[in-house]
Amino acid sequence: MAEAVTPTPLLKDELDIVIPTIRNLDFLEMWRPFFQQYHLIIVQDGDPAKTIKVPEGFDYELYNRNDINRILGPKASCISFKDSACRCFGYLVSKKKYVFTIDDDCFVATEPSGKKINALEQHIKNLLCPSTPFFFNTLYDPYRGGADFVRGYPFSLREGVPTAVSHGLWLNIPDYDAPTQLVKPLERNTRYVDAVMTIPKGTLFPMCGMNLAFNRELIGPAMYFGLMGDGQPIGRYDDMWAGWCTKVICDHLGLGVKTGLPYIYHSKASNPFVNLKKEYKGIYWQEELIPFFQSVALPKDCNTVQKCYIELSKQVRAKLSKVDDYFVKLADAMVTWIEAWDELNPSPADLSNGSSK
Ligand SMILES: O=c1ccn([C@@H]2O[C@H](COP(=O)(O)OP(=O)(O)O[C@H]3O[C@@H](CO)[C@H](O)[C@H]3O)[C@@H](O)[C@H]2O)c(=O)[nH]1
Ligand SMILES: [Mn+2]
């Protein structure tokens, strides 16, 4: 009898899984059937002297703070310490076209049917299918089996645009801010919504980094998770900052951002009092940040993510320094991030003219 051949997982050699951690990586055991054939990039935060045990059988590279400092030198100043924002170092050093990032307290969720959810597979489907940011399809993702564009949907728009980001959701512990966590400590998300939607052009969204995938070649340089944690006046707004920058750049470049499936099972409610201390400035700053991002206009000649990002950093410095001096520091860090990105990811043109930035 012919041996059952395990199909090669989609994008096996074109995708890295980036995991920020201050804990242990036992959660990988539950993901083993879905992750084992992919390469992991583990970003160890906190004390570099601590040994993080990686379960047997995984192909990985692990970076701690000493590695980050060694690889980036002075540019390491743009990588946060003691905050999940450190994960973006993994995006920097990856050499793959796609990245999936997941937190170490996120587990395999189950569909209402009882089927285990391969979150990575669903993210890949989301990324490989076009997005529809210019006209909302009321039957949600028209490219999913059993759905299509509905009547009245312009045929000129049905080709869609390339998808840059796939934003997944969470069962059990939802990604609530500290005030909501404090008033609703026992609330659990049990609602499984079987939908994937493109976030319309011109609409921002709160991007959560715990179950997120993106096309690194299309949007990687915009996925900087900012200056958070140790030595910074704010934490837990890393993914929000990246999401706002990413969305305005995707809108400018005509790229798509999707949200919805897949779900993961989020198990750890971080301490709301600790979270409040980290994120409280963000809660009132965002009342000024959102109008800023809503008003961002990027010049036509910003035709690459790096050019968009540098232009964005100039507008952050000019328009947000009045909110707090922190944004001047952040604007500088945004430039350092792009310098680091271009240094570690030279374009073919850079390589051909031998300029190592
Ligand atoms: O200093 C730190 C703290 C945590 N990590 C790693 O980052 C992720 C997220 O940590 P945790 O699960 O404790 O955080 P949450 O409160 O559940 O979620 C926040 O994290 C971000 C989403 O990813 C966002 O800011 C909030 O939603 C885990 O893997 C920790 O090990 C870290 O590296 N350094
Ligand atoms: Mn968590």
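Residues numbered from 1 in each chain as written. Chains lettered and ligands numbered in written order. Predicted model: local features only at pLDDT ≥ 70, side-chain atom pairs only at ≥ 80, totals over all residues. Heavy atoms only, no water.

*Asks:* Got a minute to help me understand the site of ligand 1 in this structure?
*Replies:* Looking at ligand 1, there are 22 residues lining it, with Arg 23, Arg 87, Asp 103, Arg 236 and Ser 270 nearest. Within the side chain of Arg 87, one N or O atom sits 2.6 Å away from an oxygen atom of ligand 1. Within the side chain of Asp 104, an N or O atom sits 2.7 Å from an oxygen atom of ligand 1. Alone, ligand 1 offers 650 Å² of accessible surface; in the complex the protein occludes 92% of this. The cavity where ligand 1 resides is the largest pocket. Secondary structure elements with two or more residues in the shell around ligand 1: β1 (15–21) and α7 (238–253). When its residues are assigned to classes, the shell around ligand 1 shows 4 nonpolar, 5 polar and 13 charged. (Near = heavy atom within 4 Å. Polar contact = N/O pair within 3.5 Å; in protein donor to acceptor, adjacent residues only side chain to side chain. Areas by Shrake-Rupley, 256 points an atom, 1.4 Å probe, with all protein chains shown as cover. 1 Å grid on protein atoms, 1.4 Å probe; cavity = no way out; pocket = protein on both sides within 12 Å on 5 of 7 lines; lining within 4 Å. Sits in = over half its atoms within 2 Å of the grid points. Helix = DSSP H or I, 4+ residues; strand = E, 2+ residues; numbered from the N terminus. Nonpolar A, V, L, I, M, F, W, Y, C, P; charged D, E, K, R; others polar.)

*Asks:* Help me out: how do you make sense of the packing of aromatic side chains in this one?
*Replies:* Pairs of aromatic rings are described using the distance from one ring centre to the other and the angle between the two planes. All told, the structure shown has 22 aromatic pairs when counted by the stated rule. Centroid distance Phe 149 to Tyr 153: 4.6 Å. Interplanar angle 45°. Geometry classified as tilted. Taken as a pair, Phe 149 and Tyr 153 share a single burial class, namely buried. Seen from the ring of Phe 155, Arg 158 lies directly overhead, with NZ or CZ sitting 3.5 Å from the centre. (Phe/Tyr/Trp six-rings, centres within 6.5 Å; stacked < 30°, edge-to-face > 60°. Buried < 20%, exposed > 50% of the residue type's maximum accessible area, 1.4 Å probe, protein only. Lys NZ or Arg CZ within 6 Å of the ring centre and 35° of its normal.)

*Asks:* Teacher, can you tell me more about empty space enclosed by the protein here?
*Replies:* Where empty space is left in the structure can be found by rolling a water-sized probe over the atoms. A complete count under the given rule lists 2 cavities of 30 Å³ or more for this structure. The space that makes up the largest cavity amounts to roughly 90 Å³. Around the largest cavity sit 13 residues that line it, and Thr 132, Tyr 140, Asp 141, Met 197 and Thr 198 are the ones nearest its centre. A total of 3 residues in the lining of the largest cavity trace back to one element, the largest contributor, which is strand β7 (residues 196–198). Classifying every residue of the lining of the largest cavity by side-chain character gives 7 nonpolar, 4 polar and 2 charged. Considered as a void within the structure, the second largest cavity measures approximately 70 Å³ in volume. Elements represented by at least two residues in the lining of the second largest cavity include exactly α7, α8 (272–295) and α10 (326–344). (Points joined across faces, edges and corners; volume = space filled by probe spheres on them.)

*Asks:* In this structure, what is going on with the pairing of strand β8 (residues 211–215)? I would like to understand it.
*Replies:* Looking down a regular strand, the side chains alternate between one sheet face and the other. The buried fraction of β8 amounts to 5 of the 5 residues, a majority that puts the element mostly inside the structure. Side chains Asn 211, Ala 213 and Asn 215 of β8 all project onto a buried face; the interleaved residues Leu 212 and Phe 214 project onto the opposite face, where all are buried too. Taken together, the 5 bridges between strand β4 (residues 98–102) and β8 define a ladder with antiparallel strand orientation. Counted as the bridge partner of Thr 101 is Leu 212 from β8. Where strand β6 (residues 163–172) meets β8, 3 bridges bridge the pair, whose relative direction is antiparallel. Bridging across to β8, Val 165 finds its partner in Phe 214. (Pairing = 2+ DSSP bridges.)

*Asks:* I'm lost on the coordination of the manganese ion (ligand 2) in this one. Help?
*Replies:* Tetrahedral coordination by four donors sets the ideal angle at the metal to 109.5 degrees; octahedral coordination by six donors sets it to 90 or 180 degrees. Surrounding the manganese ion (ligand 2) are the protein donor atoms Asp 105 (OD) and His 266 (NE2), at 2.0 to 2.2 Å. With Asp 105 in the loop between β4 and β5 (106–108) and His 266 in strand β9 (residues 256–266), the pair connects residues that are 161 residues apart, well separated along the chain. Here Asp 105 and His 266 have matching classes, each one buried. (Donors = N, O, S within 2.8 Å, 3.2 Å for Na, K, Ca; no water.)

*Asks:* Explain the pairing of strand β2 (residues 39–44) to me, please; I cannot follow it from the model alone.
*Replies:* Burial runs high along β2: 6 of the 6 residues are buried. Residues His 39, Ile 41 and Val 43 line one face of β2 and the alternating positions Leu 40, Ile 42 and Gln 44 line the opposite face, and both faces are buried. Of the pairings in the sheet, the one linking β1 to β2 comprises 6 bridges and is parallel in character. In the strand pairing of β2, Val 18 is matched with Ile 41. Between the parallel pair β1 and β2, the chain is carried across by helix α1 (residues 28–35), and the sense of this crossover is right-handed. Taken together, the 5 bridges between β2 and strand β3 (residues 59–63) define a ladder with parallel strand orientation. The residue of β3 that forms the bridge with Ile 42 is Leu 62. (Right-handed = clockwise from strand over helix to strand, strands pointing away.)

*Asks:* Explanation requested: the UniProt feature "site: Required for activity" (unreviewed entry) in the protein chain in the structure shown.
*Replies:* Mapped onto this numbering, the UniProt entry annotates "site: Required for activity" (unreviewed entry) at Arg 151 and Arg 158. Looking at the secondary structure, you find Arg 151 in the loop between α4 (119–128) and β6. Mapped onto the secondary structure, Arg 158 falls in the loop between α4 and β6. Among the residues examined, Arg 158 registers a relative accessible area of 18% and is labelled buried. Excluding residues within four positions of it along the chain, Arg 158 makes contact with Tyr 143, Phe 149, Val 150 and Tyr 153. (UniProt positions renumbered as here; feature names shortened; annotations may be inferred. Contact = heavy atoms within 4.5 Å.)

*Asks:* Hey, could you run me through the UniProt feature "glycosylation site" (unreviewed entry) in the protein chain in this one?
*Replies:* Mapped onto this numbering, the UniProt entry gives "glycosylation site" (unreviewed entry) at Arg 151. According to the relative accessible area criterion, Arg 151 is exposed, its value standing at 82%.

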